[in-house]
Amino acid sequence: GTPSSGSSSPPSEHKPGSRWVRLNVGGTYFITTKQTLCRDPKSFLFRLCQEDPDLDSDKDETGAYLIDRDPTYFGPILNYLRHGKLIMDKNLAEEGVLEEAEFYNIASLVRLVKERIRDNENRTSQGPVKHVYRVLQCQEEELTQMVSTMSDGWKFEQLISIGSSYNYGNEDQAEFLCVVSRELNNSTNGIVIEPTEKAKILQERGSRM
């Protein structure tokens, strides 16, 4: 009658199905393990895996714990306790999951959902893309080189001929205004980005007389 090593767990653990817990959330049944429910010791669900006798009155006729909450948003809560990741269908609102996470008092999930809501708000609040425009002056022979060497997000927009204002010896040099643009980085909060070295050189070359 020597007890074998490893049999220190209470006998109730050996009962078939004793590690499983049945939940009736708003009329929908969920089956999970005590280990999953015990993942967050501060959560309301932790009490269910402790087999708190005070909660026995909250069971339905099948022995499932009754929870008067929306089952639609309980799935992501249970999955988070299972694997620690927030996975939810596209048609579910983050605010709904946040409401449930707060009800069940799962602090780490509350933080995670709030971060996701904030990220989504940041994405939508960026609004339309702003552009910064620059006008460069250049001669005909420099046009090809200037357009082909534009980089760092600068884009050619428009070419305006301003005639042959300057005379080099006997040869007229046609002058152009070249309009270029680039997207204004949202992180600069409306501050115009300084042109890169290459853009500065192009500007100097373009405005030379």
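First things first, this report covers the structure right here in the doc. Computed from a prediction, not measured in an experiment: that's the story for all the values here.

**Here we look at the sheet that holds strand E1 (residues 20-25)**
Inference 1: Reading across the sheet, the three strands line up as E2-E1-E3 and stay open at both edges, with mixed pairing between neighbours. Looking at strand neighbours, the two that pair on one side only are strand E2 (28-33) and strand E3 (65-67), the edges of this open sheet. For this sheet, the mean angle separating the axes of adjacent strands, direction not counted, is 30°.
Inference 2: One ladder, built from three bridges, connects E1 with E3; its direction is parallel. Within E3, the position partnered with Val-25 by the bridge is Ile-67.
Inference 3: In the packing of helix H3 (residues 74-83) onto the sheet, the strands contacted are E1 and E2, and the crossing angle to E2 comes to about 5°.

**A few points about the pattern of salt bridges**
Inference 1: Overall, the coordinates contain one salt bridge when judged by the stated rule.
Inference 2: Across the pair Glu-100 and Arg-69 runs a salt bridge, and its minimum N-O distance is 3.0 Å. Taken together, the residues span a long stretch of sequence, with Glu-100 in helix H4 (residues 94-103) and Arg-69 in the loop between E3 and H3 at a distance of 31 residues.
Inference 3: Glu-100 gets classed as buried once you look at its relative accessible area, which sits at 5%.
Inference 4: Its relative accessible area of 22% is what places Arg-69 among the partly exposed residues.

**Comments concerning a nonpolar patch on the surface**
Inference 1: The grouping of Val-147, Phe-156 and Leu-159 at the surface amounts to a nonpolar patch, some 220 Å² of accessible area in total.
Inference 2: On the basis of relative accessibility, which here comes to 34%, the residue Phe-156 falls in the partly exposed class.

Rules used throughout
- Residues take numbers from 1 onward in each chain, read along the sequence in its written order.
- Only residues with pLDDT of 70 or above have their local features reported here, since the model is predicted, and side-chain atom pairs are shown and tallied only from 80 upward, although totals for entire chains, interfaces and linings are computed over all residues.
- Just so you know, side-chain values use all the structure's heavy atoms and leave hydrogens and water out.
- Strands are labelled as partners when DSSP assigns at least two bridges between them.
- Numbering of helices and strands runs from the N terminus; a helix is a DSSP stretch of H or I covering at least four residues, while a strand is a stretch of E covering at least two.
- Helix axes are fitted to C-alpha atoms over the stretch in contact, other axes to C-alpha atoms as well, and angles between N-to-C directions run from 0 to 180 degrees.
- Residues count as neighbours in contact if any of their non-hydrogen atoms are within 4.5 Å of one another.
- When a carboxyl oxygen of Asp or Glu is within 4 Å of a side-chain nitrogen of Lys or Arg, the pair counts as a salt bridge.
- Remark: exposure states derive from per-residue accessible area (1.4 Å probe, protein chains only) relative to the maximum for the residue type, with buried under 20%, exposed over 50%, and partly exposed in between.
- Only residues whose relative accessible area exceeds 30% and that form no salt bridge are eligible for patches; like-charged ones are grouped when within 9 Å, while nonpolar side chains (Val, Leu, Ile, Met, Phe, Trp, Tyr) are grouped when within 5 Å.
- Using a 1.4 Å probe, accessible areas were evaluated by the Shrake-Rupley method; residue-level cover was limited to the displayed protein chains.

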